[in-house]
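# Coordinates in review
Take a look at the letters that make up each chain.
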Amino acid sequence: MRRTGILLFAAVPVAITAAAYFLGPTDSDSPAGPTVTDARQQARQEAKSRAEQERAADDKLIAQLPPGLADPAEKELAQQIVASAENSTLNWRGAYGYIEDIGDGQGYTAGIIGFCTGTHDLLTLVERYTKAHPGNGLAQYLPALRKVDGTDSHEGLDPGFTAAWKAEAKVAAFREAQDAERDRVYFDPAVRLAKLDGLGTLGQFVYYDAMVFHGPGTNAASFYGLRESALREANSPSEGGSEKAYLDIFLDVREKAMRKKKQDIDTTRIDTAQRRFLYDGNFKLATPLVWQVYGETYKVP
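Worth saying up front: this structure is predicted, and the values here are computed from it rather than measured.

### Let's talk about the overall build of the protein
When you go through the protein residue by residue, the secondary structure sums to 11 helices and 5 strands. Every one of the 301 residues in the protein was classed for burial, and the buried ones make up 41%. Once local pairs closer than 6 in sequence are excluded, the contacts in the protein between residues at least 24 apart make up 56%. Total accessible area computed for the protein in this model is approximately 16400 Å², and 54% of it derives from carbon and sulfur atoms.

Below, the structure is given as structure tokens:
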């Protein structure tokens, strides 16, 4: 049925054209009727209007909900838990200047959220930062960053890029730029969608960590693809499902995607952290918290 629907939709412009040809006025002085282009523009405008109305309704719903992970204290906790997996520390603010190639095929990994030269987000960060602060210490590397985007190459970046990144991380404006890009691309979309799915603070963190690790893409191995896979197996709370059951399925789907990418990958950020919170019934992500990542124990009193 879905294929048929697509074909019928595709046939609409043809039908409109035919009608205009056979039924249109023959007098050259007669005013022209609506064209195919007019119909398409109207359809686009209607779709845009519907999307704006839906977003406004979502905004209204979210405004009525508790802040959850967006609460400053909970957001700080979220950054600590992510940092334990990304940088093996709770001091996430100490990671602004972090940069290395960890051999995962994504080039250099850098900064507080693991921006990568091979996954477009580091390039976007530097582009937006340079637009606001021309002449910064990273601007000279933009041509090379565009060239290596989507690869694990260091061409044009070595030997000076890592030193330039560390130096720029001492600049307050660049640290603020990292924060803003983290929120724009990862934190805000993840928390927003989790709230719309009916998830509490823990579920919001589960989405956020998945967004950080897998990226905000729509393919099967990226965040939005993982969510779609989970929703095919279980209803979200907003659909009447159990929060615990849905999150358990989501973590299953995510872990499977991680192992598909690398069979021997360490999945403790799920197994001995997020699942531990889930099985303890800690849906509010209330402290004190104790978890393990890569064999190391972390505690937040």
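### Quick word on the layout of surface pockets
In this structure, the largest pocket encloses a volume near 1000 Å³. Lining the largest pocket are 36 residues, with Ile-102, Asp-104, Gln-106, Phe-213 and Lys-261 sitting closest to its centre. Elements that contribute at least two residues to the lining of the largest pocket include exactly α3 (72-86), α7 (172-196), α8 (201-214) and α10 (243-261). Per-element accounting of the lining of the largest pocket gives the leading share, 4 residues, to α8.

### A few points about the nonpolar core
Counting 73 residues, the largest nonpolar core has Phe-161, Trp-165 and Tyr-208 as the members making the most contacts within it. Sorting elements by how many residues they give to this core places α7 first, with 9 residues.

### Some details on the packing of α3 against α8
For the pair α3 and α8, the least separation of the axes is 11 Å and the interaxial angle reads 40°. Taken together, the axes of α3 and α8 are oblique relative to one another. In terms of crossing hand, the pair formed by α3 and α8 is right-handed. Every residue of α8 that contacts α3 at Glu-74, Ala-78, Gln-79, Ile-81, Val-82 and Glu-86 is listed here: Thr-201, Phe-205, Tyr-208, Asp-209, Val-212 and Phe-213. Class assignment of the residues belonging to the contact of α3 with α8 gives a composition of 7 nonpolar, 2 polar and 3 charged.

### Things to note about the pairing of strand β5 (residues 296-300)
For strand β4 (residues 289-293) and β5, the ladder comprises 5 bridges, and the chain directions are antiparallel. Across the sheet, the residue bridging to Leu-289 is Val-300, located in β5. The antiparallel hairpin formed by β4 and β5 contains 2 residues in its connecting segment, where Tyr-294 sits at a positive phi of about 55°.

### Some words on empty space enclosed by the protein
Under the defined criterion, the tally for this structure stands at 1 cavity of 30 Å³ or more. By volume, the largest cavity is sized at about 30 Å³. Taken together, Ile-81, Ser-84, Ala-85, Asp-209, Arg-269, Ala-273, Gln-274 and Val-293 make up the lining of the largest cavity. Of all the secondary-structure elements, those providing two or more residues to the lining of the largest cavity are α3 and α11 (268-279).

### Description of the sheet that holds strand β2 (residues 109-110)
Spatially, β1-β2-β3 is the arrangement adopted by the 3 strands of the open sheet, whose pairing is antiparallel. A single partner strand is all that each edge strand has here, and the edge strands are β1 (99-100) and β3 (115-116). Bridge count between β1 and β2: 2 bridges; the pairing is antiparallel. What sits directly across from Ile-99, in β2, is Ala-110.

### With respect to the environment of Glu-155
In this fold, Glu-155 is placed in the loop between α5 (142-148) and α6 (161-168). For Glu-155, a relative accessible area of 47% puts it in the partly exposed group. In this structure the C-alpha to C-alpha distance between Glu-155 and Ala-144, which are 11 residues apart in sequence, comes to 6.8 Å. The contacts of Glu-155, once residues within four sequence positions are left out, are Ala-144, Lys-147 and Val-148.

### Considerations on the confidence of the model for the protein
Should pLDDT be low for a region, the predicted coordinates there are not to be read in detail. Looking at the protein, pLDDT values average 90 and 89% of them are 70 or higher. Confidence over residues 1-28 falls short of pLDDT 50; this stretch has 8 contacts with residues more than four positions distant or in other chains.

### Concerning the packing of α8 against α11
Contact pair α8 / α11: the axes reach a minimum separation of 10 Å and the direction vectors enclose 165°. Classified by the angle their axes make, α8 and α11 are roughly antiparallel. Helix-helix and strand crossings are classified by hand; for α8 and α11 the assignment is left-handed. Along its contact with α8, which presents Leu-202, Phe-205, Val-206, Asp-209 and Phe-213, the element α11 presents Arg-269, Gln-274, Phe-277 and Leu-278. Split by residue class, the contact of α8 with α11 holds 6 nonpolar, 1 polar and 2 charged.

### Things to note about α8
With 14 residues, α8 should reach 20 Å at 1.5 Å per residue; the first-to-last C-alpha distance of 20 Å fits that figure. A large share of α8 lies buried, amounting to 13 of its 14 residues. Phi for Gly-215, located one or two positions after α8, is positive at around 85°.

Criteria and thresholds
- Residues numbered from 1 in each chain as written.
- Predicted model: local features only at pLDDT ≥ 70, side-chain atom pairs only at ≥ 80, totals over all residues.
- Heavy atoms only, no water.
- Helix = DSSP H or I, 4+ residues; strand = E, 2+ residues; numbered from the N terminus.
- Buried < 20%, exposed > 50% of the residue type's maximum accessible area, 1.4 Å probe, protein only.
- Contact = heavy atoms within 4.5 Å.
- Areas by Shrake-Rupley, 256 points an atom, 1.4 Å probe, with all protein chains shown as cover.
- 1 Å grid on protein atoms, 1.4 Å probe; cavity = no way out; pocket = protein on both sides within 12 Å on 5 of 7 lines; lining within 4 Å.
- Points joined across faces, edges and corners; volume = space filled by probe spheres on them.
- Core = buried A, V, L, I, M, F, W, Y, C linked by side-chain atoms within 4.5 Å.
- Axes fitted to C-alpha atoms, helices over the stretch in contact; angles between N-to-C directions.
- Parallel < 35°, antiparallel > 145°, perpendicular 65-115°, else oblique.
- Left-handed = near helix turned anticlockwise from the far one by under 90°.
- Nonpolar A, V, L, I, M, F, W, Y, C, P; charged D, E, K, R; others polar.
- Pairing = 2+ DSSP bridges.
- pLDDT = per-residue confidence, 0-100.
- Expected span 1.5 Å × (residues − 1).

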